[in-house]
Amino acid sequence: MTDFTQLTADTVAAYLASRRALAAVIDADRIASVREVGDGNLNLVFIVEDAGGASVVLKQSLPHVRTDPSWPMTRERSAREATVLGEHQRADAEHVPALYDFDHEHYVLAIENLSDHRVWRTELNAGRVHEYAADAIGAYVARTAFATSPLGLDPLEHKALVARAVNPELAQITEDLVFTEPYVEHPHNKVLPANEPDVAALRADRALVREMGLAKFRFMTTAQSLIHGDLHTGSVFVRPAGGFEGATDARASVRAFDSEFGFVGPTGFDLGALWANLILAAARAEALGEPDRAELVLSLPGRLWGAFEREYRALWPERLDPRVWGDEVLEQLLAGIRDDAAVFAAAKAVRRIVGFAKASDIETLPPAQREGAARGVLHAGRSLALTRHGIADVDALAAESLATLRATRTPR
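The residue count restarts for each chain, going from 1 along the sequence in the order it is written. The predicted origin of the model limits local features to residues at a pLDDT of at least 70 and limits the giving and counting of side-chain atom pairs to 80 or more, whereas totals for whole chains, interfaces and linings rest on all residues. Only heavy atoms go into the side-chain values, all of them from the structure, while hydrogens and water stay out.

(A) Broad picture of the overall build of the protein chain. Scanning the protein chain for helices and strands turns up 15 helices and twelve strands. In this treatment the radius of gyration is a C-alpha quantity, and the globule benchmark scales as 2.2 Å times the residue count to the 0.38 power. In terms of overall dimensions, the protein chain is globule-like: its C-alpha atoms have a radius of gyration of 21 Å, near the 22 Å expected for 412 residues. Counting only C-alpha atoms and orienting by the principal axes, one finds that the protein chain spans roughly 60 × 55 × 45 Å. Relative accessibility under 20% of the residue-type maximum defines a buried residue, over 50% an exposed one, and the middle range a partly exposed one, all with a 1.4 Å probe and only protein chains included. Burial analysis of the protein chain (412 residues in total) assigns 55% to the buried set. Taking all contacts inside the protein chain whose residues are at least 6 apart in sequence as the whole, residues at least 24 apart take part in 71%. In this description, accessible areas are obtained by the Shrake-Rupley approach with a 1.4 Å probe, and a residue is regarded as covered only by the protein chains that are shown. When the accessible surface of the protein chain is totalled, it reaches about 17000 Å², and 53% of it is carbon and sulfur. If you average the places of the 44 positive and of the 58 negative side-chain charges in the protein chain, the two averages end up 3 Å apart. Helical segments are the DSSP runs of H or I of at least four residues, strand segments are the runs of E of at least two, and each set is numbered from the N terminus. Here, residues are in contact when the closest pair of their heavy atoms is within 4.5 Å. Charge counting treats Lys and Arg as positive and Asp and Glu as negative, with His and both chain ends excluded. Charge placement uses NZ in Lys and CZ in Arg. For Asp and Glu, CG and CD serve respectively.

(B) Local environment of the pattern of salt bridges. Salt bridge, as used here: a side-chain nitrogen of Lys or Arg that lies within 4 Å of a carboxyl oxygen of Asp or Glu. On inspection of all chains with the given rule, the structure shows 36 salt bridges. Here D198 and R375 are joined by a salt bridge, their closest N and O atoms 3.0 Å apart. Here R375 lies in helix α14 (residues 367-387) and D198 lies in helix α7 (residues 196-204), a separation of 177 residues in the sequence. Salt bridges sharing common partners tie together D92, E94, R143 and E311.

(C) Highlighting the sheet that holds strand β1 (residues 31-36). Strand pairing is assigned whenever DSSP identifies at least 2 bridges connecting the two strands. The five strands are arranged β1-β2-β3-β7-β6 in an open sheet whose pairing can be described as antiparallel. Looking at the sheet topology across the chains shown, the edges are occupied by β1 and β6 (99-103). Averaged over all adjacent pairs, the angle separating strand axes in this sheet is 20°, with direction ignored. Two elements, β6 and strand β7 (residues 108-111), share four bridges in a ladder whose sense is antiparallel. By the bridge assignment, F102 is partnered in β7 with L109. Fitted lines through C-alpha atoms serve as axes, helices being fitted only where they are in contact, and the angles separating the N-to-C directions of these axes extend from 0 to 180 degrees. Packing against the sheet, helix α2 (residues 77-92) makes contact with β2 (43-50), β3 (55-61), β6 and β7, and its axis sits at approximately 155° to β6.

(D) Quick peek at the nonpolar core. Here, the term nonpolar core denotes a set of buried Ala, Val, Leu, Ile, Met, Phe, Trp, Tyr and Cys residues that are joined through side-chain atoms within 4.5 Å. W120, I137, W275, F308, Y312 and V377 are the most contacted members of the largest nonpolar core, which totals 90 residues. Per-element accounting of this core gives the leading share, 14 residues, to helix α12 (residues 327-354). Ignoring anything within four residues of it in the chain, the contact list for Y312 reads A142, A145, F146, L151, L330, L334 and I337. In terms of nonpolar packing, the next biggest core, distinct from the first, is built from 17 residues, F4, L44, F46 and V56 among them.

(E) Geometry of unusual backbone geometry. Positive phi outside glycine occurs at Y107, with the angle close to 60°. Within the secondary structure, Y107 sits in the loop between β6 and β7. At D258, a position not held by glycine, the phi torsion is positive, near 55°. Given the relative accessible area of 31%, D258 is considered partly exposed.

(F) A look at the pairing of β3. Of all seven residues in β3, six are buried, a share of seventy percent or more. Pairing of β2 with β3, which is carried by seven bridges, proceeds in the antiparallel orientation. Bridge assignment links V45 to a residue of β3, and that residue is K59. Pairing of β3 with β7 involves four bridges; the strand directions are antiparallel. Paired with V57 across the two strands is I111, which belongs to β7.

(G) A look at the sheet that holds strand β11 (residues 253-256). Strand order in this open sheet of three strands is β8-β10-β11, and the pairing throughout is antiparallel. Looking at which strands have only one partner, the edges of the open sheet turn out to be β8 (118-119) and β11. Pairing of strand β10 (residues 236-239) with β11 involves four bridges; the strand directions are antiparallel. Each bridged residue has a counterpart across the sheet, and for F237 the counterpart in β11 is R255. Taken strand by strand, helix α4 (residues 132-147) contacts β10 and β11, and its axis lies near 50° from that of β11.

Written out as structure tokens, the structure reads:
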């Protein structure tokens, strides 16, 4: 019997033949190509096509970090991703890849091939903004948040979902990498020598460290909805209207993928994670001397929030228990989610500069420009965490971030 514990290009065809659920998706007897394309830290990813043009993506979790086999990882994260993807597909199939099959024995997800899309971060790095993606992701977060919270889910079902989606190992990675390690000395931390004083200033800022501590506590204790858990520009696929060159589908499309960090947590975390990465993209544009593009990118947090709020308000009349959840409750919920999104954005922005797994938006800049961009992101993150209580408007907060990036940009 073929060993499917860790798939290879040579064993994929036999694996597909063993999965009855995939018989209608791809012809395992006529496989034309198998490509291993995983470029992340945690998984094997294969794109498989048959002779008739049908295709599927296989994603298998590894028992360790791919770049560091000494760092063990639970393979159960694939089961949690299957849970997130299945629930999100029910709530908003338009904005996630289709889930065809999950093999718990071998930790393999079979999902829709989205090769006619491109990763949003890659497009942003190349100067192509795809503004419509912010609207789509805002709607996606609202629909999935409402459907998987007690507003849209029976209370007993919600509690069962909390248990089914519990994700302690990956949640702890976020708790450490995002909320703790940037504010202490840690081997994961690394910045340019010129940015070391910036990091030291952050760690010495007790008000900021307090806000990060409170944000960490909310992340650890808030069970609002089933969140994606790692919703940055590198986990969003985009396809513009008209498609990319050679595309067979001309419809605009935006899909959130790689939800293995998902669990029932604070709704604002997903919004904040994307917001933070838009700050990074704007910092890159400023560093490259493209202020108009930076301004356009930093109009997107407002569009993200606006789309989320519109969709959440539209869903509100469908809440399951209106007896004590009146309209004034909606206003308080939205204010809380917006505040959470801002502080989580601050935490995620700082983490991408200081800690492990940095972002290519900044890291691929020449060192001279990277210094100012990194400083700008750190200052913008601090400001966002500390001023958000007095500024309820997301566009105004984003404008503050833009001004900070411009003030700290390294002269070209």
